[in-house]
Amino acid sequence: MEADFDVIIVGGGIAGSVCAYQLAKAGVGVLVIERGTSCGSKNMTGGRIYTHTLAKVFPEYAGEAPLERKIVKDIFTYAGKTVEYPSADLGSQGEESYSVLRKGFDQWVADQAENEGAMYITGIRVDDLLVEDGKVRGVIAGDEEMTSELVILADGVNSLLAQKLGMKEEIRPGEAEVGAKEVIKLDAAVIEERFGVAPGEGVSWMFEGVSTLGHKGNGFLYTNKDSVSLGILTTVGDIDCSEETVAGLVDKLHEHPEVKPLLEGGKLVEYSAHLLGKGGEVTRPKLYGDGVMVIGDAASMVVNRGYVVRGMDLAVESAVLAAETAMAANEAGDYSAGTLASYGEAVKNSAVLSGAQENIKNLEEVAEVFSE
C-alpha cells in the first residue's frame, strides 16, 4: 500500500524545519508534526547561532531571518574574574554568529519550508511509531495513523520516540541540564551604551561557578535588539543537592554586581524553562535504522561545556546531512538502514562538528586565563 507521505518529520524546531525545507525543495513529499501551537512556541533555547551552515541553506539569511544582534565579543566570568574577548573573526564573513529569540526564528524557518511545499500540522503530539517487521512505517498521533517511507525524529533532547525504538537510552540526570531564562526589555540605545557595542552588534557572556553556587552549570547573558536574555543552566542531578531553586539561581545572577547595573530599568517580559543535553559522543544515540533517522537535539547535536554552549548550528548541519541522505533514499526507493547509514558517516565526517570542537579548543585557551 502506498504511504501517505515520503517523509514525516516529528518536531518543528530548527532541525526539523531545515530538513523539511531541503526535502520539499527537492520535490520530496514531507509532513512536519509539531507539538506546540506554532513552531518555536515552546522553545526557549539560546540564544546564539553560528551561521556558517545556515548560510548554505539560506544564502540571504542575514537580510531575511529575524536575527537579533551580531555577536562581536565574548565575555567570561569565573569565580569573580572577568575577561573580555573581542575578536575581529567574530564578525568576518563565514564566522558570524547572532543572538536569536527562538519563537520568531523557528517560525521563520518553518515558513520557508512551507513556501517550498512542506506540510505542517501543529498542536498535535506524536504518541508512538508504526513499526512493521522491524521497519518504521509512520506515526501514531492520538487515534490517527499516518504512514511514510521514512520518519525523521527531531523531537528534542529527551526523545521518547527514539527511546521506544531502542535507539536512545533514557537520559540520565548527570547528562542533562535544566535551563531557566528571563527576557528583559531594554531600549536598544541603552543596550549599546551599557555593553559598549554599536547598533546591530551584541555580546555573549558566560558565567562559570559564581552563578550556580558551586554546582555544575553556568549562567549566560545575550544581548538582543531591544532585550537581554539572562539565564542559568545547571545539571539535573545537582538540583536535589542544592538548597537554592533554579529560579532562585536566576535571581542571584540578576543581582550579580557586574550584571545588575546593566539591567537597571529593564522590564521582565518572558520567563521560561527548558531541558538541555550535555551533548557529545557519550550521549549520542544510534542515528539511523530501517525507515528512521534522528537529528538535532534528539541526536545529541549539542556542545555544552559551560564556557561554550552551542547546538543550533549543529542542528542545522545534522538536518542538512539527513535531508541529503533522505533524497538519495527517495531516488533509490530504498529506506533501509543500509542506505541510511550514509547519514551516520556524514555526521562523523562533518566539518561543522569538527569546527565546533576547534571552537572549544580555542575557548579552552581563553579559559586558561582564569587559572593564571
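Residues numbered from 1 in each chain as written. Predicted model: local features only at pLDDT ≥ 70, side-chain atom pairs only at ≥ 80, totals over all residues. Heavy atoms only, no water.

Q: What is the right way to look at the overall build of the protein chain in this model?
A: Looking only at helices and strands, the protein chain has 11 helices and 19 strands in total. Scored against the burial criterion, the 372 residues of the protein chain give a buried share of 54%. Only carbon and sulfur atoms are counted for the fraction: they give 48% of the accessible area of the protein chain, which is about 15,900 Å². (Helix = DSSP H or I, 4+ residues; strand = E, 2+ residues; numbered from the N terminus. Buried < 20%, exposed > 50% of the residue type's maximum accessible area, 1.4 Å probe, protein only. Areas by Shrake-Rupley, 256 points an atom, 1.4 Å probe, with all protein chains shown as cover.)

Q: It is not clear to me how the pattern of salt bridges should be interpreted in this structure. Could you clarify?
A: Between side chains of opposite charge, a pair can form as their charged atoms come close. The full count for this structure, using the stated rule, is 10 salt bridges. The partner of D226 in a salt bridge is K185, with the nearest N and O atoms 2.9 Å apart. Taken together, the residues span a long stretch of sequence, with D226 in the loop between strand 13 (217-223) and strand 14 (227-235) and K185 in strand 11 (residues 176-185) at a distance of 41 residues. (Salt bridge = Lys/Arg side-chain N within 4 Å of Asp/Glu carboxyl O.)

Q: Explanation requested: the nonpolar core in the structure shown.
A: The nonpolar side chains of a soluble globular protein tend to be buried, and buried together. With 73 residues, the main nonpolar core has I9 and L23 as its most contacted residues. Here this core gets 11 residues from one element, more than from any other, and that element is helix 9 (residues 312-332). Counting residues in hydrophobic clusters, the runner-up holds 23 residues, among them I184, L186, F195 and L230. (Core = buried A, V, L, I, M, F, W, Y, C linked by side-chain atoms within 4.5 Å.)

Q: I tried to follow a negative patch on the surface on my own but got confused; where do I start?
A: A cluster of acidic residues, E2, D4, D143 and E144, forms a negative patch at the surface. Tracing the backbone shows E2 in the segment before strand 1 (5-10). Looking at E2, the relative accessible area reads 73%, which means it is exposed. (Patch = residues over 30% accessible without salt bridge, like charges linked within 9 Å, V, L, I, M, F, W, Y side chains within 5 Å. Lys, Arg positive; Asp, Glu negative; His and termini not counted. Charge placed at Lys NZ, Arg CZ, Asp CG, Glu CD.)

Q: Could you clarify how one ought to interpret the environment of D313 in this entry?
A: By the secondary structure assignment, D313 is in helix 9. By relative accessible area, which is 1% here, D313 ends up buried. Distance from D313 to T53, taken between C-alpha atoms, is 6.5 Å for residues 260 residues apart in sequence.

Q: Can you help me understand the packing of helix 1 (residues 14-25) against helix 9 in this one?
A: Each pair of packed helices can be described by the angle between their axes along with the distance between the axes. Contact pair helix 1 / helix 9: the axes reach a minimum separation of 8 Å and the direction vectors enclose 35°. In this structure, helix 1 crosses over helix 9, and the sense of that crossing is right-handed. Taking contact as the criterion, the partners of I14, A15, V18, C19, Q22 and L23 in helix 1 are, on helix 9, M312, A315, V316, A319, V320, A322, A323, A326 and M327. A breakdown of the residues in the contact of helix 1 with helix 9 according to their chemical character gives 14 nonpolar, 1 polar and no charged. (Axes fitted to C-alpha atoms, helices over the stretch in contact; angles between N-to-C directions. Left-handed = near helix turned anticlockwise from the far one by under 90°. Contact = heavy atoms within 4.5 Å. Nonpolar A, V, L, I, M, F, W, Y, C, P; charged D, E, K, R; others polar.)

Q: Just to check I follow, could you spell out the environment of K103 for this structure?
A: Checked against the element boundaries, K103 lands in helix 4 (residues 102-115). Measuring from C-alpha to C-alpha, the distance between K103 and C39 comes to 7.0 Å, with 64 residues separating the pair along the chain. Here K103 is in contact with C39, G40, S41 and N43, once residues within four sequence places are set aside.

Q: Help me understand the pairing of strand 1 in this model?
A: Sheet faces and side chains relate simply in a regular strand, where the side chains alternate between the two faces. Counting buried residues in strand 1 gives 5 out of 6 residues, a clear majority hidden from the surface. With 4 bridges joining them, strand 1 and strand 2 (residues 30-34) adopt parallel strand pairing. Directly across from I8, in strand 2, lies its bridge partner L31. With respect to chirality, the unit in which strand 1 leads through helix 1 into the neighbouring parallel strand 2 is right-handed. (Pairing = 2+ DSSP bridges. Right-handed = clockwise from strand over helix to strand, strands pointing away.)

Q: Explanation requested: helix 4 in the structure shown.
A: Helix length check: helix 4, at 14 residues, gives a terminal C-alpha distance of 20 Å against a target of 20 Å (1.5 Å per residue), a fit within 8%. For helix 4, the set of buried residues is R102, F105, D106, W108, V109, A110, Q112 and A113. Looking at the packing, one finds that the buried side of helix 4 touches helix 1, strand 3 (48-50), helix 2 (52-57), helix 3 (61-64), strand 7 (119-122) and helix 9. G117 lies just past helix 4 and shows a positive phi near 115°. (Expected span 1.5 Å × (residues − 1).)

Q: Please explain the packing of helix 9 against helix 10 (residues 337-348) as it appears in this structure.
A: Running from amino to carboxyl end, helix 9 crosses helix 10 at an angle of 155°, the nearest separation of the two axes being 9 Å. Here helix 10 runs roughly antiparallel to helix 9, going by the angle between their axes. Considering how the two elements wind past one another, helix 9 and helix 10 form a crossing that is right-handed. Listed contacts from helix 10 to S318, L321, A322, T325 and A329 of helix 9 are T339, L340, S342, Y343, A346 and V347. Each residue belonging to the contact of helix 9 with helix 10 can be placed in one class, and the counts come to 7 nonpolar, 4 polar and no charged. (Parallel < 35°, antiparallel > 145°, perpendicular 65-115°, else oblique.)

Coordinates in, geometry out; function isn't part of it.
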